[in-house]
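Analysis of the macromolecular model
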Amino acid sequence: IRRAQLYNDSMQQLNSLGNRLKHKVQVTFINQHGTEEAGIDGGGVFKEFVDDLIKDGFAARADDGTGAPQLFSVTPEGLLTVNLDLAEDSTMLAHYSFLGRVLSKAVYEGILVEPQFCLPFLNQLLGKTNSLEDLKNYDEEYYLNLNKLRNTNMDIDSLGLTFELSLGGSSRGSRPRTVELLRNGREIHVTRNNVFQYTQAVANQLLNVQGAQQTRAFLEGFRALIPVSWIRLFSAKELQKLISGDDSIRGIDVASLKRSMHYLGGYHESQPYIQAFWDILENEFTPEQQRQFLRFMTSCSRQPLLGFSSLEPVPSVQQIRLREDERTKNSRLPTSQTCMNLLKLPNYGDRQLLKEKLLAAVEAGAGFELT
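So, how was this worked out
Residues numbered from 1 in each chain as written. Predicted model: local features only at pLDDT ≥ 70, side-chain atom pairs only at ≥ 80, totals over all residues. Heavy atoms only, no water. Phe/Tyr/Trp six-rings, centres within 6.5 Å; stacked < 30°, edge-to-face > 60°. Helix = DSSP H or I, 4+ residues; strand = E, 2+ residues; numbered from the N terminus. Contact = heavy atoms within 4.5 Å. Expected span 1.5 Å × (residues − 1). Buried < 20%, exposed > 50% of the residue type's maximum accessible area, 1.4 Å probe, protein only. Pairing = 2+ DSSP bridges. Axes fitted to C-alpha atoms, helices over the stretch in contact; angles between N-to-C directions. Core = buried A, V, L, I, M, F, W, Y, C linked by side-chain atoms within 4.5 Å. Polar contact = N/O pair within 3.5 Å; in protein donor to acceptor, adjacent residues only side chain to side chain.

**Concerning the packing of aromatic side chains**
This structure, assessed with the given rule, holds 17 aromatic pairs. One aromatic cluster is present, built from ring pairs that chain together F58, F72, Y96, F117, F121, F218 and F222.

**Focus: the environment of P115**
Tracing the chain through its elements places P115 in the loop between α3 (90-109) and α4 (119-125). Considered as a pair, P115 and Q290 are 175 residues apart in the sequence and their alpha carbons are 18 Å apart. Other than its neighbours up to four places away in sequence, P115 contacts I54, F58, L80, Q240, I243 and S244.

**As for helix α12 (residues 287-298)**
If you check α12, its first and last C-alpha atoms are 16 Å apart, about what twelve residues at 1.5 Å a residue would give, namely 16 Å. Judged by how many residues are buried, α12 sits mostly within the fold: nine of twelve residues are covered. Among all positions of α12, only Q289, Q290, R291, F293, L294, R295, F296, M297 and T298 are buried. Among the residues trailing α12, S299 stands out with phi positive, at a value near 75 degrees.

**What about the sheet that holds strand β6 (residues 316-320)?**
With mixed pairing, the four strands of this open sheet are ordered in space as β5-β6-β8-β7. Lying at the two open borders of the sheet, with one neighbouring strand each, are β5 (262-264) and β7 (335-337). Between one strand axis and the next, the sheet turns through 25 degrees on average, direction left out of account. The strands touched by helix α11 (residues 272-284) are β5 and β8 (342-346); relative to β8, the strand with the most contacts, the crossing angle is about 120 degrees.

**Digging into the nonpolar core**
Within the largest apolar cluster, 72 residues are counted, with the highest numbers of intra-cluster contacts made by F49, F58, F72, L103, F117 and F218. Ranked by the residues each element gives to this core, the list is headed by α3, at nine residues. Counting 31 residues, the second-largest nonpolar core is a separate cluster that includes I274, L281, F296 and Y348.

**Side note on the side chain of N83**
Looking at where N83 falls in the secondary structure, it is placed in the loop between β2 (80-82) and α3. Of note is the side chain of N83, whose polar atom sits 2.8 Å from the backbone oxygen of Q70. A distance of 3.0 Å separates a polar side-chain atom of N83 from the backbone nitrogen of D85.

Quick look at the structure:
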């Protein structure tokens, strides 16, 4: 898989597998120079691959030719849903089906990933029909305005509303369009007598009808690996936790990781140097840097749903001994074996140098060729 063409290469090589994607997959990355990266896939490379592929596939940004089309957009609540401005053709539907299988593979393998979906989309994954009350999880302001319309004392007839709805136009190059909520809806005016029907029709159009083809294609892919009967055991919020873990935790739970960590090569939790390491990670790293550290060590930026004690193999930190003359700003960086959840941490002997080297390593994004 070429890193520069991650999505395109993955789509080309994995899409034909269908439900065989549930079997073991090993990945070799090709760097920007066209040569294979040094990492041997014992599980860690694949976790990084899935994490990166899902970030690329679900990114709510315009297609730049190297990644996925803009298959998803961001709701007013800041969550993901299908992009209603995207043409509903067979090519696009194949992308949705592929991403459904990739996300299902992540759930199947217990790989927690970044995307946060709006509850109406998650309800559709569970086979549930959305109602007006679900609209507040898609666009709360719109939901409140519809409720005000239902309960207003003003003359609704004077508003000039009909059973039509304007959609789309939020993406670059797209145009807004108008759909009828009922047959000949443009001729039916909203009145006191039918306002409840109107608000229900608006919610149904937004949450169940629009994007239905894309959602069905995504579902076909998702359910190819995980039986629908398993998925329906969960609520929408529980399904989101299965996908991305507990998002109420900013960064990572450093105390939990510390309790689960094993020490190798002469390190011990009582040593001042190790205590400095934990203090830096917990109090001086930002939440984003903490997640970068976790990704550097385990190939996954999200902490395990059942806590770090559930990681296999157990997370470990190994001492890399340095001579006194090697403890300089030019000394080697920390490295890791992600398939073993192992951090190889040189003993720099200096807190500030430890922080600088650790940050340089986790922020480098250098794949499996970092030294």
